[in-house]
Amino acid sequence: MEHFTNSPIVQRRLAAMAGKGRGVAAFTFNIEALGIGRGSMPEARVGPSPLFPNTDFKPVPLKAGEDEDYMLALKQEMRGTMQQLPHNIKPQSNKAEVERYTERYLKQRQLDDENWTPDWNLLPKELMPQKKKLRAKPEAKKKTVKISRKDTEALLTKLDELEKKGDGNPEKSDDETEKKKGNDEEEEEIEAEEYDEEDIEEENDYIDSYFDNGEDFGAGSDDNMDAEATY
Amino acid sequence: MTAQEVRLCGLLLREHFGEVVEKVGTHLLKGGAQNLRTIIHETGISLDLVKKSLCVLVQHGACVFRSGRKGAGSPAEYQTCCDRILRILRYPRYIYTAKTLYGDTGELIIEELLQRGHMTMSGTIKTVADRLTQNMEEGRSMDYSEVSSAFFRLVETHFLQRCPPLAGAEPKDSSTPAAPAPPGTPAAPVSTAPPTPESFPDCYKVPHVTLVGRGKRQLASEDGEDQRNAKKAKMDSQTHGDEGICWQVNFERFHLHFRDQAIISAVANKLDQTSSEIVRTMLRMSEVTTSPTATCTKPLSANEIFRSLPTSYNIPRPILDQYLTLLIDDPMEFVGKAGESGGGMYVVNMHRALANLARATLESVVQERFGSRSARIFRLLLRKRHLEQKQVEDFAMIPAKEAKDMLYTLLSQNLVQLQEIPKTPDYAPSRTFYLYTVNQLPTARMLLQNCYKTVANLVERRLFESKESKRLLEKSQRIEAILASLQASGAEPEQLTEVEEMITAPEKQQLDALRLHINKLDSAENQVDETIFLLESYINSTASTS
């Protein structure tokens with residue numbers, strides 16, 4: 001191959017071919033007939049046209065008038081309102097790292113969210129959130145909590161009695177009981193608070209597991225009592 | 001639907017219903033009808049949110065569902081309608097039209113219904129009355145009966161319609177979407193077409209509603225809380241006899257109105273005010289008798305037109321005849337003659353008018369983008385259909401070199417097409433005619449897509465602008481809130497100015513500039529939509545005639 005291309009004859013012939021292929025003379029007919037004269041061909045386009053081409057003509061200004069202004073106001077108002085409506089669904093955001101001022105408004109929105117109940121007659125049944133089950137649950141829980149509260153009260157009095165009885169016990173155990181008592185009360189309070197909050201907010205799995213703990217609590221305190229009795 | 005439409009739909013959904021709905025909506029647009037399980041699986045959004053999003057979409061009519069397409073008992077499938085989502089762009093125009101036709105009450109009724117998708121009549125009336133009362137001076141209030149009469153009028157003129165009731169063939173076990181159809185069950189052919197509202201006989205029947213009272217004014221209410229108050233009022237647990245009957249805005253009716261308005265204003269621009277009033281009268285007379293998709297109105301005799309002309313116009317009979325002849329001779333062909341009886345029978349050519357308006361739009365687009373001389377070539381091709389390059393140069397009376405340049409630019413933009421007609425089957429260039437032509441319909445379609453793209457770009461730009469100065473916007477909002485609360489508590493003027501000065505002068509300048517930009521972008525969106533409407537109506541009209 002190399003041998004051939006190096007030969008002067010072949011080179012000359014290649015050049016001639018290239019010249020013939022490129023020139024206007026390549027056409028077998030008179031292209032003037034098409035209206036394409038020499039030098040009147042527009043420049044060849046290479047590649048796609050630019051993303052932001054220069055515009056030769058400036059755009060005409062927008063219509064302005066009372067109608068347009070009013071529609072503009074309507075549009076902006078509409079957008080604002082739609083964003084506040086419960087129909088605007090916010091993605092479940094992860095807990096913000098820093099508490100922000102705007103969160104106050106977010107809470108309002110979430111409340112609105114609760115308020116929207118679509119007409120289920122016009123929607124497929126499968127879209128209905130399974131609320132009934134969840135609504136039924138908390139009531140049952142409430143009872144259990146109450147019972148456990150009574151239990152704890154009974155427990156505390158019992159503990160007090162035991163404390164009085166077992167005055168001779170070493171101080172260490174006394175401290176412990178006190179600590180436990182404090183813990184119990186605290187826990188109880190927290191539980192009550194959290195429960196109220198959950199009642200308003202949406203139920204989810206998190207709460208369920210929490211209430212299970214609440215039930216455990218009663219049993220746990222029983223254990224405590226037993227342990228106490230052994231001292 | 002095209003990529004541009006999907007993009008614009010996504011942006012509109014995000015702006016109005018949030019990102020989750022956008023995700024679900026665009027997924028449905030791209031993937032066609034799907035059931036709940038597939039949506040959850042493919043979008044990776046939690047069940048709860050997908051359910052809510054679908055509820056929102058269905059509530060706003062942007063999504064239809066039907067079950068049993070793949071045999072009885074198969075799960076319900078959801079499908080979004082691109083056209084319906086794009087209507088969001090036109091909301092301001094609907095509301096404004098309602099205002100011009102039916103005053104503030106009509107405006108608020110349409111606005112409420114658009115914001116909430118669909119509502120019961122009693123709910124709408126209460127909310128609207130409350131909102132109107134809120135804006136009245138102290139001690140006055142809006143009577144429910146006034147609002148309901150406006151509501152009646154809107155229904156009477158078909159601007160409002162009932163939501164079609166749910167198809168009765170809802171399978172009982174739709175709560176378990178994954179339940180497979182037992183093998184061997186004959187696939188019951190359920191009608192696959194979604195029910196159209198018009199097919200429902202009671203579409204425009206207003207139920208008897210017992211609603212007595214007046215709009216309530218919320219005491220000690222802040223401006224921002226109007227919405228919530230209105231909603232609370234809506235929650236009043238009384239029955240009014242129309243539970244379960246929801247109403248929605250009839251977009252088609254609005255579009256007919258827009259179409260008529262476009263024709264009237266075009267006549268007014270082309271000829272004069274008087275002839276536009278004549279056309280307006282003709283359109284009003286045939287509003288009831290002509291079907292929405294008819295190519296032209298029912299023929300009206302000159303006598304009838306004369307009798308129906310409002311006396312305030314003061315057009316004597318001979319002048320009317322002259323005007324009618326003038327309208328017929330006009331090249332835009334808005335009005336045509338259908339016969340000689342009764343002093344001449346006249347029709348309004350709806351489809352012709354739309355085609356001509358669309359053509360004028362195309363011409364003006366070419367003119368504004370490529371100059372008046374390119375527009376001359378474009379018009380020439382529209383009129384002469386097919387022309388060779390040499391002929392274009394000669395007829396347009398433009399120097400050959402420039403004409404070629406313009407023609408090729410138009411060709412590269414797809415506004416002009418090239419048709420090859422070979423004399424011999426070998427397509428040899430020397431024995432081939434090269435004819436340039438303009439196809440109006442495909443060009444209109446392309447322009448429509450460009451419009452969608454334009455609006456999407458405008459929205460994107462607006463989002464970018466407001467994102468850039470988010471901090472500034474938040475600050476100004478906060479300061480406004482503080483100012484409002486201070487004013488409410490009766491603070492000293494010095495205090496107020498002190499708070500006002502928290503925004504520095506350069507910041508204020510920046511804010512003003514931003515507001516100007518956003519207003520311009522918003523306004524542009526509204527105005528591009530007018531072009532979109534015209535092109536859409538033209539394209540739809542050609543679909544119904546062929």
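As the structure is a prediction and not an experimental result, all values here were calculated from the model.

A.B. asks: Before we go on, may I ask you to explain the overall build of chain B in this structure?
C.D. replies: Along chain B, the regular secondary structure elements total 21 helices and twelve strands. Within chain B, the proportion of its 546 residues that are buried is 48%. By sequence separation, contacts in chain B at least 24 residues apart represent 67% of the contacts at least 6 residues apart. Element-wise, carbon and sulfur atoms account for 53% of the exposed surface of chain B, whose accessible area totals about 26700 Å².

A.B. asks: What should I look at first to understand the overall build of chain A in this one?
C.D. replies: Within chain A, the regular secondary structure consists of seven helices and zero strands. Along chain A, helices (α) and strands (β) appear in the sequence α-α-α-α-α-α-α when read from the amino end. Residues counted as buried form 23% of the 231 residues belonging to chain A. Across chain A, contacts joining residues at least 24 apart in sequence account for 64% of those joining residues at least 6 apart. Total accessible area on chain A stands at roughly 18100 Å², and carbon and sulfur atoms take up 53% of it.

A.B. asks: Would you take a moment to explain helix H11 (residues 273–286) of chain B for this structure?
C.D. replies: Between its first and last C-alpha atoms H11 of chain B spans 20 Å; for 14 residues at 1.5 Å apiece the expected length is 20 Å, and the two agree. The complete set of buried residues in H11 of chain B reads Ser 275, Ser 276, Glu 277, Ile 278, Val 279, Thr 281, Met 282, Leu 283 and Ser 286 of chain B.

A.B. asks: Help me understand the sheet that holds strand S9 (residues 345–348) of chain B, please; the structure alone is not making it clear to me.
C.D. replies: Remark on secondary structure: sheet strands pair via backbone hydrogen bonds, oriented parallel or antiparallel. Residue and element names in this part refer to chain B. Taken in spatial order, the three strands make up an open sheet running S7-S9-S8, and their pairing is antiparallel. The two strands at the open ends of the sheet, each matched to only one other strand, are strand S7 (300–301) and strand S8 (335–339). As defined by bridge partners, S7 adjoins S9 across two bridges and the pair is classed as antiparallel. Along S9, the bridge assignment pairs Ser 301 with Met 345.

A.B. asks: Mind showing me how you'd approach helix H15 (residues 372–384) of chain B here?
C.D. replies: Residue and element names in this part refer to chain B. Along its 13 residues, H15 runs 18 Å from first to last C-alpha, staying within 8% of the 18 Å computed at 1.5 Å per residue. Burial in H15 covers these residues: Ser 374, Ala 375, Ile 377, Phe 378, Leu 380, Leu 381 and Leu 382. Immediately downstream of H15, the backbone of Arg 385 shows phi near 65 degrees, a positive value.

A.B. asks: So what exactly am I meant to see when it comes to the packing of aromatic side chains here?
C.D. replies: Two aromatic rings are characterised by how far apart their centres lie and by the angle between their planes. Under the definition given, this model contains twelve aromatic pairs over all chains. Between Tyr 70 of chain A and Tyr 96 of chain B the ring centres are 5.6 Å apart and the planes differ by 45 degrees, which places this aromatic pair in the tilted class. With Tyr 70 of chain A in helix H3 (residues 66–84) and Tyr 96 of chain B in helix H6 (residues 91–116), this pair bridges two chains. Judged by centre distance (5.6 Å) and plane angle (90 degrees), the ring pair of Phe 258 of chain B and Phe 533 of chain B falls under edge-to-face. Linking Phe 258 of chain B in helix H10 (residues 251–270) with Phe 533 of chain B in helix H21 (residues 505–545), this pair joins segments that are 275 residues apart in sequence. Grouping residues by exposure puts Phe 258 of chain B and Phe 533 of chain B together as buried. By way of ring pairs, the aromatic residues Tyr 91, Tyr 94, Tyr 102, Phe 159, Phe 251, Phe 254, Phe 258 and Phe 533 of chain B are connected into one cluster.

A.B. asks: Sorry if this is basic, but what is going on with the environment of Gln 59 of chain B here?
C.D. replies: Tracing the backbone through its elements, the reader meets Gln 59 of chain B in helix H4 (residues 47–59). Each C-alpha atom of the pair Gln 59 of chain B and Leu 514 of chain B lies 34 Å from the other, and the pair is 455 residues apart in sequence.

A.B. asks: Looking at this structure, I do not really get the UniProt feature "domain: RNA polymerase III subunit RPC82-related helix-turn-helix" (unreviewed entry) in chain B. What am I missing?
C.D. replies: Per the UniProt record, "domain: RNA polymerase III subunit RPC82-related helix-turn-helix" (unreviewed entry) is annotated on residues 8–64 of chain B. For residues 8–64 of chain B, the helix share is 77%, the strand share is 7%, and the end-to-end C-alpha distance is 20 Å.

A.B. asks: How do you make sense of a negative patch on the surface when you look at a structure like this?
C.D. replies: Residue and element names in this part refer to chain B. Negative charge collects at one region of the surface, where Glu 492, Glu 494, Glu 498, Glu 500 and Glu 501 lie side by side. By secondary structure assignment, the location of Glu 498 is in helix H20 (residues 493–500). For Glu 498, a relative accessible area of 56% puts it in the exposed group.

A.B. asks: What is the right way to read the environment of Ala 33 of chain B from this model?
C.D. replies: Residues and elements named next belong to chain B. Relative to the helices and strands, Ala 33 resides in the loop between helix H2 (19–31) and strand S1 (34–35). Separated by 43 residues in sequence, Ala 33 and Ala 76 have C-alpha atoms that sit 9.4 Å apart. For Ala 33, the contacting residues outside a window of four places in its chain are Glu 77, Tyr 78 and Gln 79.

A.B. asks: Any chance you could explain the domain arrangement of chain B here in plain terms?
C.D. replies: Think of interface size as the accessible area that goes away when the parts come together; that is how it is often given. Residues and elements named next belong to chain B. Its domain assignment divides chain B into domain 1 (3–80), domain 2 (83–165 + 245–249), domain 3 (256–347), domain 4 (353–438) and domain 5 (443–489 + 503–545). Relative placement of domain 4 and domain 5: their C-alpha centres are 36 Å apart. Residue-level contacts link twelve residues of domain 4 with ten residues of domain 5. Taking both partners together, domain 4 and domain 5 bury about 910 Å²; carbon and sulfur atoms supply 84% of that area. Looking at the side of domain 4 facing domain 5, the largest losses of area belong to Leu 354, Thr 361 and Leu 362, adding up to 47% of the total buried there. Put simply, domain 4 and domain 5 have zero salt bridges between them. Taken together, the links from domain 4 to domain 5 amount to zero residue pairs in polar contact (both at pLDDT 80 or more). It is helix H14 (residues 350–370) that contributes the most residues to the side of domain 4 that touches domain 5, seven residues altogether. Of the residues contributing to the side of domain 4 that touches domain 5, the split by class is eight nonpolar, four polar and no charged.

A.B. asks: Looking at this structure, how should I read the pattern of salt bridges?
C.D. replies: Where charged atoms of side chains with opposite charge meet at close range, the side chains can pair. The full count for this structure, using the stated rule, is 30 salt bridges over all chains. A salt bridge links Arg 259 of chain B to Asp 260 of chain B; the shortest N-O distance between them is 3.5 Å. For the residue pair Arg 259 of chain B and Asp 260 of chain B, the accessibility class agrees, reading buried in each case. The salt bridge involving Lys 270 of chain B is made with Asp 330 of chain B; its shortest N-O contact spans 3.2 Å. Taken as a pair, Lys 270 of chain B in helix H10 and Asp 330 of chain B in the loop between helix H13 (317–329) and S8 lie far apart in primary sequence, 60 residues in all. Exposure remark for Lys 270 of chain B: the relative accessible area of 42% places this residue in the partly exposed category. Asp 330 of chain B sits in the buried class, given a relative accessible area of 10%. Each of Lys 75 and Arg 79 of chain A together with Glu 15, Arg 462, Asp 522 and Glu 525 of chain B takes part in salt bridges that share partners, so that together they form one network.

What counts and how
All residue numbers refer to position in the chain's written sequence, counted from 1. In the order they appear in the text, chains get letters beginning with A and ligands get numbers beginning with 1. Two thresholds apply to this predicted model, a pLDDT of at least 70 for residue-level local features and 80 or more for giving and counting side-chain atom pairs, whereas whole-chain, interface and lining totals are computed over all residues. Here the side-chain values reflect all heavy atoms present in the structure, with hydrogen atoms and water set aside. Think of it this way: any DSSP run of H or I at least four residues long counts as a helix, any run of E at least two long counts as a strand, and we number them from the N terminus. Three labels apply to residues, based on accessible area from a 1.4 Å probe with only protein chains included: buried if under 20% of the type maximum, exposed if over 50%, partly exposed otherwise in between. For this analysis, residues touch if any pair of their heavy atoms sits within 4.5 Å. Per-residue and other accessible areas follow the Shrake-Rupley method at a 1.4 Å probe size, with only the shown protein chains counted as cover for residues. A helix is expected to reach a length of 1.5 Å times the quantity of its residues less one. Should DSSP find at least two bridges between two strands, the strands are taken to pair. Note on aromatic pairs: the rings of Phe, Tyr and Trp (six-membered ring only in Trp) are paired at centre separations within 6.5 Å, and the planes decide the class, stacked below 30 degrees, edge-to-face beyond 60, tilted for the rest. UniProt positions are given in the numbering used here, feature names are shortened, and annotations may be inferred rather than shown by experiment. Each patch is built from residues that are more than 30% exposed by relative accessible area and take part in no salt bridge. Like charges join if they lie within 9 Å; nonpolar side chains (Val, Leu, Ile, Met, Phe, Trp, Tyr) join within 5 Å. Here, a salt bridge means any side-chain nitrogen of Lys or Arg that lies within 4 Å of a carboxyl oxygen of Asp or Glu. Residues scored as charged are limited to Lys and Arg (positive) and Asp and Glu (negative), so that His and the chain ends carry no count. Positions of charges follow a simple convention, taking NZ of Lys, CZ of Arg, CG of Asp or CD of Glu. Segmentation into domains, and thus their bounds, comes from an automatic or database assignment. Once two parts are put together, the accessible area they lose, assessed with a 1.4 Å probe and summed over both, is termed the buried area. Polar contacts here mean pairs of N or O atoms no more than 3.5 Å apart (in protein, one a potential hydrogen donor and the other a potential acceptor; neighbouring residues in sequence count only if both atoms are side-chain atoms). Classification used: nonpolar for Ala, Val, Leu, Ile, Met, Phe, Trp, Tyr, Cys and Pro, charged for Asp, Glu, Lys and Arg, polar for all others including Gly.

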